[in-house]
Each structure stands twice: as C-alpha cells, then as structure tokens.
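# Understanding the architecture of this molecule
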Amino acid sequence: MPENKRYKCCFILNIDLDLPVSDVHLIMDVINTFNRKDVLVIKKGKTEHLNIDDTRIVSIVPKKVAKKNLIGRYFADLNYYNKVKRFLKNNKVIANSYFIQSGPVAYFIAKHLKKKTKARVVYNAQDVFPDNIIGNSFIKSIMFSPFSLLSKKLYRTVDHTITISDSIKETLIKKRVSADKISVVHNWAKKEDETFPIINFKEKYQLEDKFVVLYAGNIGKFQNVKMILEVAKLVSNPEIVFVIQGDGIERKELEKIATDNKIKNVLFLPQVPLVYMPGTYRAVDINLVTLKPTIYKTALPSKLAFCLNTNVPLLITIEKEASIRNILVNDELSSFIDPNDVDSLKNEILKIYNNRYNEKKGVNRSIILKEYFDNTNNPIKYNMVLNIQEQKE
C-alpha cells in the first residue's frame, strides 16, 4: 500500500459484516454511497485480514467473550480498538472523515482520532450506553457512573453524532450535547431484490389455520418479551398463536416460564438470516414491537422499518412521549400501548382478530416510509454528514 494513502472516509465498525445482524445492511448501504476506492472499512472478523488494497476491507479478530459478561465485553472491545489504532498507525492511514459505529468504548477511539488527526469524526448512536441499561434505577446509575462520564465525553469529543430518533436526540441534548451537532436519520429496511426468498411462513411451521401474532428480533433486557407471555396466558382463543422468533440472553428464561406455566399458545422459533424477515413480517397477522418502559429515550428497534414495509397491523408498547408515535400517528395499521398495560395489549390483539376479515388500510405507510425510513435517501444523509468538510471546500 502506498504511504499516507488518503480516503474520503474510514469506517471503524464493532461488528462483523459477514454475520446476519441487523446493522449490516445499514452500514453497507452507507458505504455504498461512496466510491469503494475512496473508503476503508475496519471491522471485526473471525480471521485476520489486513491487506487493504484488494478489498479495502480490513478484518481484525476480537477476543471471544460470553454475551452476558458485560465487563469482559467492555475490555474485549478496548483490546479491539487498540488493534485498530495500531493498524491505522502502521499503515499511515489518512482519512477526511471517520465513522465510528455505536459501542460502549467508542470514546477511546474517538479521543485517539481527534488527538492524532485533523479529520472529521462522526459517531453513529444507534443507542445510548449506559443509559439504556440504567433506565430509572438509582443503584444502576451509581454502578455505571464511570461509563456515564465516558459517554458524555464521547459526545463532546466527536464532531457530529447521527442518531435514529428525535427522542434519542432529546436524551443527548440533556447530556449537554449541542443540538446542531446531532442529526436524526431513522433506520431503514433492507432493499429487496430477486435474491430475497419467498416465504410461506405459516405453511413452513404448520400454522395455516392460525392467527399469528409475531415477535421477531432480539430477546434481551430491553425488549419486554415477557409481556407477550403474560398476554398469551390471558388469551384462550385456540386460533390465536404467539410466535417468538429470535435469540438473546433472555430466551432460555422465557422458554422456561412458558413451560412452567403451561402456556400452550406460544411457539419459540430460532433466529433466521435477515433476508427471510421481510417475507416473514408480511406473512403473519400482527407484528409486535415490545419495549420496556423509558427505552424509547435511548434505543429504537431496527425492525420497525421492516414492519412498516408491510400491510400487517403493528402493535408497539411505548410511552406517549416517544417521538415515533408522532411519526406514525396517521398510520391506520399502527397502534400504541403503554409498556406496562398487559390488558390493553391483549384487548388490541383481540380487536384486530375480530376484525381480521375487514379490508386493511395501510395507504399512509408508503408516505411515512418515504419521508422517514427511505432506504435510498437515508444512506445519502449519512454521506452528507460525513462529507460536510468536503462540501464546504
């Protein structure tokens, strides 16, 4: 590689682009707004790949740590970013701008870049750590106070932050981040083409005669999937089945709860690659996005755009103050329920079931998708933020 090779943008990621995780299509769509020879991508990988010139994608192997080991993951990410720093130094990489993906230790790479380069540093806040863990817990606020301090330093260090909802922007402003240093670009659904499989979901899982209420996605601490089990216990109609598809640290516990309580109308399915999800969301009768209280202030599921790209009713458990409610206020197929209101969620499901033969009206969804979740314009918005210095010049 030539010395001091300059790139328009260097992407520093904390995921492996070869894995079927929800962020991959977002990152790749942003990368593809550039001429590939003008970008360098540094990502995690199962094998080391440090040859820039053949693909302009560099893979660095991170330490393996169990998902539940939060502290271990923190130090593993520190180790990964140290390897990234060495790579940048050894290869004399120069970039006009650096894109840093969401991560608990992003401050350290951001600090390094601002100290060692004159480049524009942009952080992508897909969520707000550790606020998403702390919630309203006073004890957790004490435990995570060092991480909260680093979080504030991160947002003050970077030149700009791109986040995914106005509610998260409000959270950042409360951290005394200047509003003009924050852009909101909502996540979008993956572009579909002929490579996407046609899914006959109900036939595959022998649910042809069932009314399927689907939760698909991460089964973790923020998603309030347990609420679905509580609703399922209250629904006695044998035609209604609740499907929970995905993986996460709370899945085994929830499976045990379902077994111990003999909840027969819940089906757990394994996680599948992202390409199968658009067809899956279209094949069911209700899609669920269940969030725990106050989570909307620090996160918003990427699957939301996929669910909106259907004519299937969508039920979201989220507070009235959440910005997403204003966006979807005119969507006839979206309904909102308080995160603690099990009875209202049950009643809304039964209401949709009882009206299942009525014509569905999702005429406003295409307008909403185009304005807020567009998979052509939204990646370009990222490019514009990353290239702002070049535009000024």
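What counts as what
- Residues numbered from 1 in each chain as written.
- Predicted model: local features only at pLDDT ≥ 70, side-chain atom pairs only at ≥ 80, totals over all residues.
- Heavy atoms only, no water.
- Helix = DSSP H or I, 4+ residues; strand = E, 2+ residues; numbered from the N terminus.
- Polar contact = N/O pair within 3.5 Å; in protein donor to acceptor, adjacent residues only side chain to side chain.
- Axes fitted to C-alpha atoms, helices over the stretch in contact; angles between N-to-C directions.
- Left-handed = near helix turned anticlockwise from the far one by under 90°.
- Contact = heavy atoms within 4.5 Å.
- Pairing = 2+ DSSP bridges.
- Buried < 20%, exposed > 50% of the residue type's maximum accessible area, 1.4 Å probe, protein only.
- Arc of directions from axis to C-beta.
- Right-handed = clockwise from strand over helix to strand, strands pointing away.
- Patch = residues over 30% accessible without salt bridge, like charges linked within 9 Å, V, L, I, M, F, W, Y side chains within 5 Å.
- Areas by Shrake-Rupley, 256 points an atom, 1.4 Å probe, with all protein chains shown as cover.
- Salt bridge = Lys/Arg side-chain N within 4 Å of Asp/Glu carboxyl O.
- Lys, Arg positive; Asp, Glu negative; His and termini not counted.
- Charge placed at Lys NZ, Arg CZ, Asp CG, Glu CD.
- Phe/Tyr/Trp six-rings, centres within 6.5 Å; stacked < 30°, edge-to-face > 60°.
- Lys NZ or Arg CZ within 6 Å of the ring centre and 35° of its normal.
- Nonpolar A, V, L, I, M, F, W, Y, C, P; charged D, E, K, R; others polar.

## Quick notes on the side chain of Ser-102
- Relative to the assigned elements, Ser-102 resides in the loop between strand S4 (94-101) and helix H4 (106-116).
- Polar contacts involving the side chain of Ser-102 include one to the main-chain carbonyl oxygen of Asn-124, which spans 2.6 Å.

## Comments concerning the packing of helix H10 (residues 226-234) against helix H15 (residues 342-354)
- Where H10 meets H15, the axes come as close as 9 Å, and the angle between the chain directions of the two elements is 60 degrees. In this structure, H10 crosses over H15, and the sense of that crossing is right-handed. Contact residues: H10 offers Met-227, Glu-230, Val-231 and Leu-234, while H15 offers Val-342, Asp-343, Leu-345, Lys-346 and Ile-349.

## A closer look at the sheet that holds strand S6 (residues 160-163)
- Read from one edge of the open sheet, seven strands run S3-S2-S1-S4-S5-S6-S7, paired in parallel fashion. Looking at which strands have only one partner, the edges of the open sheet turn out to be strand S3 (57-60) and strand S7 (182-184). When the angles between neighbouring strand axes are averaged without regard to direction, this sheet yields 20 degrees.
- Inspection of the sheet shows strand S1 (residues 6-12) paired to strand S2 (residues 39-44) by four bridges, in the parallel sense. Note on S2: the bridge partner recorded for Cys-10 is Leu-40.
- Across the sheet, helix H8 (residues 166-174) touches S6 and S7, and the angle it forms with S7 is around 165 degrees.

## Quick look at helix H11 (residues 251-260)
- Inspection of H11 places Arg-251, Leu-254 and Ala-258 among the buried residues, and these make up the whole buried set. Down the axis of H11, the smallest arc covering the buried residues is 65 degrees, so these residues share one side. Projecting away from the buried face of H11 at angles above 90 degrees are the exposed residues Lys-252, Lys-256 and Thr-259.
- The secondary structure elements touched by the buried residues of H11 are H10 and strand S10 (266-269).
- Positive phi shows up at Lys-262, right after H11, with a value of about 55 degrees.

## Overview of the sheet that holds strand S11 (residues 286-290)
- Ordered in space as S10-S9-S8-S11-S12-S13, the six strands form an open sheet in which the pairing is parallel. The open sheet is flanked by S10 and strand S13 (334-337), the only strands paired with a single partner. The sheet shows a mean angle of 25 degrees between the axes of neighbouring strands, direction not considered.
- The sheet contact formed by strand S8 (residues 211-216) and strand S9 (residues 240-245) spans six bridges and is parallel.

## A look at the pairing of S10
- Here four bridges tie S9 to S10, and the two strands are oriented parallel to one another. Following the sheet pairing, Gln-245 is matched in S10 by Leu-269.
- For the segment spanning S9, H11 and S10, crossover handedness is right-handed.

## Notes on a positive patch on the surface
- Taken together, the side chains of Lys-89, Lys-111, Lys-115, Lys-116 and Lys-153 present a region of like positive charge at the surface.
- When residues of the positive patch are assigned to their parent elements, the largest contribution, three residues, is made by H4.
- Looking at the secondary structure, you find Lys-116 in helix H4.
- Under the relative-accessibility criterion, Lys-116 is labelled exposed at 57%.

## Regarding the pattern of salt bridges
- Throughout the structure, instances matching the rule amount to 12 salt bridges.
- The partner of Arg-356 in a salt bridge is Glu-239, with the nearest N and O atoms 3.9 Å apart. Of this pair, Arg-356 sits in the loop between H15 and helix H16 (365-372) while Glu-239 sits in the loop between H10 and S9, placing them 117 residues apart in sequence.
- Classification of Glu-239 as partly exposed rests on a relative accessible area of 35%.
- Connected via shared salt-bridge partners are Asp-16, Asp-18 and Lys-43.

## Comments concerning the packing of aromatic side chains
- Inspection of the entire model under this criterion finds 14 aromatic pairs.
- Taken together, a centroid distance of 5.8 Å and an interplanar angle of 75 degrees make the contact between Trp-188 and Tyr-382 edge-to-face. Taken together, the residues span a long stretch of sequence, with Trp-188 in the loop between S7 and helix H9 (201-204) and Tyr-382 in helix H17 (residues 377-386) at a distance of 194 residues. Here Trp-188 matches Tyr-382 in class, with each residue buried.
- Through pairs of rings, three or more aromatic residues link up here, namely Phe-11, Phe-34, Phe-99, Trp-188 and Tyr-382.
- Lys-44 extends its terminal NZ or CZ atom over the ring of Tyr-80, reaching a point 5.3 Å from the ring centre.
- Above the ring of Tyr-215, the side-chain terminus of Lys-303 is found at 3.7 Å from the ring centroid.

## Digging into the packing of H4 against helix H7 (residues 145-157)
- The N-to-C vectors of H4 and H7 enclose an angle of 35 degrees; their axes lie 9 Å apart at closest approach. When you trace H4 past H7, the crossing you get is left-handed. Residues Ala-106, Tyr-107, Phe-108, Ala-110, Lys-111 and Lys-114 of H4 form the contact with H7, whose participating residues are Leu-150, Lys-153, Leu-154 and Thr-157.
- Looking at the contact of H4 with H7, its residues break down into six nonpolar, one polar and three charged.

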